[in-house]
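# Examining the three-dimensional arrangement
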Amino acid sequence: MISRQHSSAGFTLIEIVMVIVVIGIISGMIAIFVAKPVLGYIDAVRRAELTDAADAALRRLTRDVHLALPNSLRTTTGGFEFIITKAGGRYRDATDGSDCTVSNCLSFTSASTKTFDILGTSPSNPPLINNGDSIVIYNLGQGYTPADAYASGSQTNRTTVTVTSGTPYVATMATNVFAAQIPPLPSPNFRFQIVDQNDQVIRYICNGDGTLTRYSGCSFTSTTTGCSSSVLAGSATAEPKATCTIDYTSAATGRNGLLYIELKLTDTPSGESVTLFQQIHVDNAP
């Protein structure tokens, strides 16, 4: 009789446990070498996102400040504000060689004369001005009434206009505030600036809630009300948080100013933060 023996192939429990232990050791070693590069990459991405957000906010802010009406930028609690312009033009004046008996010259003496010609290289193409926009001439800023566009009544150098097409185009002022100025303050270059009726005063405020916020459409005489807002950096309810340091210095001649801004964005859970500095030249030559 022939006997046959059968054997079964497989893993014993000890072998399985040993494999698990070895895999665990290898995984731990891999984690040690991989974790730091991965965490470093995550930190780098977070810093890049914070830097991009801060840079985008400062770029937008810089573009706005470069459009500020001369001598209108001033600091406020937590930030600064200014009257923003969208374009400019030249008005016809008696001293530029024009015959005011046949043309519409801007009068600085007669309040009843409310029309003037808009001059330029292409009179058939008026400047970017819509009915209801404001014009400002020779703004000197606060403390220099009646050459303060923030003021109202007889103390201001700002008035709304409507425009009639022609060659050249003719602007009609709601009120000739320039004829009420004592002394008259015409522009040496016969220039006026245009302020959009929807923008008016722009405010940048670093709120205590962790945001840098842009306010637009604020009133000339009460700039804390009537504004629409948009958050440029930071968040009141999420991360990151924004803090700012703002300082503004005008030159001794008043023709130039320097706006200094330090914007810091912080991701609170990770403790990661970036700080960007910006110095913006402000042209105050009216």
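Now for a look at the structure at hand.

## A word on the nonpolar core
- With 26 residues, the main nonpolar core has L61, V65, L73, F80, F82, L259 and L263 as its most contacted residues.
- Going through the elements one at a time, α1 (13-65), β2 (79-83), β9 (201-206), β12 (241-250), β13 (256-267) and β14 (272-283) are the ones with two or more residues in this core.
- Not counting chain neighbours up to four residues away, the residues in contact with V65 comprise L73, F80, F82, L259, I280 and V282.
- In terms of nonpolar packing, the next biggest core, distinct from the first, is built from 21 residues, V161, A171, F190 and F192 among them.

## Concerning the state of the cysteines
- Counted by the stated rule, this structure contains 3 disulfides.
- A disulfide bridge connects C100 with C105, and the sulfur atoms are separated by 2.0 Å. The disulfide joining C100 to C105 has a torsion of about -90° about its S-S bond and is therefore left-handed.
- Judged by relative accessible area, which is 10%, C105 ranks as buried.
- The disulfide that involves C218 links it to C227, with 2.0 Å between the sulfurs. Note on the C218 and C227 pair: the S-S dihedral is about 135°, so by sign convention the disulfide is right-handed.
- Using a relative accessible area of 0% as the deciding quantity, one classes C218 as buried.

## Comments concerning the sheet that holds β14
- Strand order in this open sheet of 3 strands is β12-β13-β14, and the pairing throughout is antiparallel. Sheet topology places β12 and β14 at the edges, where each strand pairs with a single neighbour. Direction aside, neighbouring strands of the sheet carry axes that sit 10° apart on average.
- Summarising the sheet, β13 and β14 pair through 12 bridges and their orientation is antiparallel. By the bridge assignment, K264 is partnered in β14 with T275.

## Some remarks on the packing of aromatic side chains
- Tallied over the full model, the rule gives 8 aromatic pairs.
- A ring pair is formed by Y91 and F116, whose centres lie 6.4 Å apart and whose planes are at 80°; its orientation type is edge-to-face. Of this pair, Y91 sits in strand β3 (residues 87-91) while F116 is found in strand β4 (residues 115-119), placing the two residues 25 residues apart along the sequence.
- Between F108 and F178, the ring centres sit 6.0 Å apart and the planes meet at 50°, which makes this aromatic pair tilted. Note that F108 is positioned in the loop between β3 and β4 and F178 in the loop between β7 (169-173) and β8 (191-195), a separation of 70 residues in sequence. F178 shares its class with F108; the two are buried.
- Linked through ring pairs, Y91, F108, F116, F178, F190 and F192 together constitute an aromatic cluster.
- If you follow R158 out to its NZ or CZ, it ends over the ring of F220, 4.0 Å from the centre.

Calculation rules
Residues numbered from 1 in each chain as written. Predicted model: local features only at pLDDT ≥ 70, side-chain atom pairs only at ≥ 80, totals over all residues. Heavy atoms only, no water. Core = buried A, V, L, I, M, F, W, Y, C linked by side-chain atoms within 4.5 Å. Buried < 20%, exposed > 50% of the residue type's maximum accessible area, 1.4 Å probe, protein only. Helix = DSSP H or I, 4+ residues; strand = E, 2+ residues; numbered from the N terminus. Contact = heavy atoms within 4.5 Å. Disulfide = S-S within 2.5 Å. Pairing = 2+ DSSP bridges. Axes fitted to C-alpha atoms, helices over the stretch in contact; angles between N-to-C directions. Phe/Tyr/Trp six-rings, centres within 6.5 Å; stacked < 30°, edge-to-face > 60°. Lys NZ or Arg CZ within 6 Å of the ring centre and 35° of its normal.

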